[in-house]
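Observations on the model geometry
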Amino acid sequence: MIDLLRSLIRIESDTKEGANHALDFSANWLEDRGVTVNVLENEGHKMLVAEVGQGKETLIWNGHLDIVPGKKEQFDPYIEGDKVYGRGSADMKGGCAAMMEAFVGITKHADRLTKKVQLHLVTDEETGGSKTSKYLVEQGYTGDFVICGEPTFLKIGLQAKGISQFFITFHGKGAHGSRPWEGDNAILQSHKFHELLIQQEWTKVSSDYYDHPSINLARISGGDRFNMVPDTCEVGYDIRFVPGQSVEFVEQQLTNLLKEHFPTAEIRRRGISPAVTTSDQDPRILQLLDIMKDETMLMGQHGSADTRHYAVTGAGAIEFGPAGGDWHGPTEFVSISSMERYRDILMEFAFYTEVPKEVYKNANEGI
Ligand SMILES: [Zn+2]
């Protein structure tokens, strides 16, 4: 498994071509070990699906082989103690390698499976996942429960905040810079708006796994001369809302606030994504908790992964993967022992047949 991981790290998969190369390599690796692989392509982005087992239920293991760019030396992996260092080791070639080995493992005992297990390896998660994971869902490759092998330290990330991004344009009144009281400064409007926004009750609301939504004033542009009062200002907000809220809800709140205080301002959507709200009483969550007991805990993710593309179909979708550190940073690593443990849990989970009688009602105690 570690040799596989090192081979994957050596492939510079931060471009479309590189990620496709990593995909082809993985397809060959699986085929060499007796797995039947179906490679698909969408707008030049490759992905693969492999399926094993039988039964009504479908479990999906999803891993992405694309990475964020790294320094040259990060593509030359090395081991220190329990850690494999290299770009993509944690995010998430370590998870992919463990999934691939586990998939070969369950294929050898396919007759014992009472559910279908699909492996989805994809190549555009870091740029939104719309060309591969989302495409697979649109092509009908979906299931009852999905595990995305992002690094979570073997914790179960069962919720993810939703994303709503908006541009807001404020309109003021220009004037000479020496007489600002004769104008209406659009940049100051945006400043006042932000102060009002973060006072709103809905921006402070908590849920089981989150203290509050995330409000990021991400972009601002306005004004071009020192001697003029700026008459327009455009801001960009990236708002990550909590389960129970929605894009429509956030948009309505922003619109109401603008109407009340800045009636000439305009708002337009940039990008949206729903929240992932897998229930902590989902039977597969209970199964995982039964397998792992005190070794894991439930948590919410602030960012979002390919889970969201599957969650829109109603599937339970979690982020669950090995331990690591500094992903997207210069000293990224993954823990070898947690990769091994992760592989074993995936296999045990695939073969797990019971629905735990003892419902872990207090599963999220201690969070
Ligand atoms: Zn990732």
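All values reported here derive from a predicted model rather than from experimental measurement.

**A short note on the packing of aromatic side chains**
- Inspection of the entire model under this criterion finds 11 aromatic pairs.
- On the numbers, 5.5 Å between centres and 50° between planes, the contact of Y85 with F333 is tilted. Here the residue Y85 occupies a position in strand 5 (residues 83–85), and F333 occupies one in strand 17 (residues 333–335), the gap between them amounting to 248 residues. Of the two residues examined, Y85 and F333, each falls in the buried class.
- Through a chain of ring-to-ring contacts, three or more aromatic side chains come together here, namely F170, F193, Y237 and F262.
- When the ring centre of F351 is taken as origin, the NZ or CZ atom of R112, which lies over that ring, is 4.3 Å away.

**Some words on the pairing of strand 1 (residues 38–42)**
- Where strand 1 meets strand 2 (residues 45–53), five bridges bridge the pair, whose relative direction is antiparallel. Counterpart to N38 in the pairing with strand 2 is V49.

**Things to note about the sheet that holds strand 17**
- Ordered in space as 4-5-17-16, the four strands form an open sheet in which the pairing is antiparallel. Two strands lie at the open edges of the sheet, namely strand 4 (78–80) and strand 16 (324–325), each paired on one side alone.
- Where strand 4 and strand 5 come together, three bridges link them in antiparallel fashion. Bridged to I79 within strand 5 is V84.
- Packing against the sheet, helix 1 (residues 2–10) makes contact with strand 4, strand 5 and strand 17, and its axis sits at approximately 20° to strand 5.
- Running at roughly 45° to strand 17, helix 3 (residues 89–107) makes contact with strand 5, strand 16 and strand 17 of the sheet.

**Section: the side chain of D124**
- Structurally, the position occupied by D124 is in the loop between strand 6 (116–122) and helix 4 (133–138).
- Within the buried set, D124 has no salt-bridge partner at all; the shortest N-O distance to an opposite charge, 5.8 Å, is to K131.
- Within polar-contact distance, the side chain of D124 engages the backbone nitrogen of K131 at 2.8 Å.
- When neighbours within four sequence positions are excluded, D124 is seen to be in contact with H45, D66, G129, S130, K131, T132 and S133.

**Some points on the domain arrangement of the protein**
- Taken as a whole, the protein is organised into domain 1 (2–160 + 276–351) and domain 2 (162–273).
- Taking the mean C-alpha position of each, domain 1 and domain 2 sit 37 Å from one another.
- Each partner contributes to the interface: domain 1 provides 14 residues, whereas domain 2 provides eight residues.
- Note on domain 1 versus domain 2: buried area summed over both sides is about 850 Å², and carbon and sulfur give 49% of it.
- Of all residues in domain 1, the largest losses of buried area upon contact with domain 2 belong to Q159, H302 and R308, amounting jointly to 45% of the total for that side.
- For the pair domain 1 and domain 2, the interface holds five residue pairs in polar contact (both at pLDDT 80 or more).
- Contributing elements (two or more residues each) for the side of domain 1 that touches domain 2: strand 8 (156–160), strand 13 (276–277) and strand 14 (298–301).
- No other element matches strand 14, which puts four residues into the side of domain 1 that touches domain 2.
- Counted by class, the side of domain 1 that touches domain 2 contains five nonpolar, seven polar and two charged residues.

Conventions and cut-offs
Residues numbered from 1 in each chain as written. Predicted model: local features only at pLDDT ≥ 70, side-chain atom pairs only at ≥ 80, totals over all residues. Heavy atoms only, no water. Phe/Tyr/Trp six-rings, centres within 6.5 Å; stacked < 30°, edge-to-face > 60°. Helix = DSSP H or I, 4+ residues; strand = E, 2+ residues; numbered from the N terminus. Buried < 20%, exposed > 50% of the residue type's maximum accessible area, 1.4 Å probe, protein only. Lys NZ or Arg CZ within 6 Å of the ring centre and 35° of its normal. Pairing = 2+ DSSP bridges. Contact = heavy atoms within 4.5 Å. Axes fitted to C-alpha atoms, helices over the stretch in contact; angles between N-to-C directions. Lys, Arg positive; Asp, Glu negative; His and termini not counted. Salt bridge = Lys/Arg side-chain N within 4 Å of Asp/Glu carboxyl O. Polar contact = N/O pair within 3.5 Å; in protein donor to acceptor, adjacent residues only side chain to side chain. Domains from an automatic or database assignment. Buried area = accessible area lost by both parts, 1.4 Å probe. Nonpolar A, V, L, I, M, F, W, Y, C, P; charged D, E, K, R; others polar.

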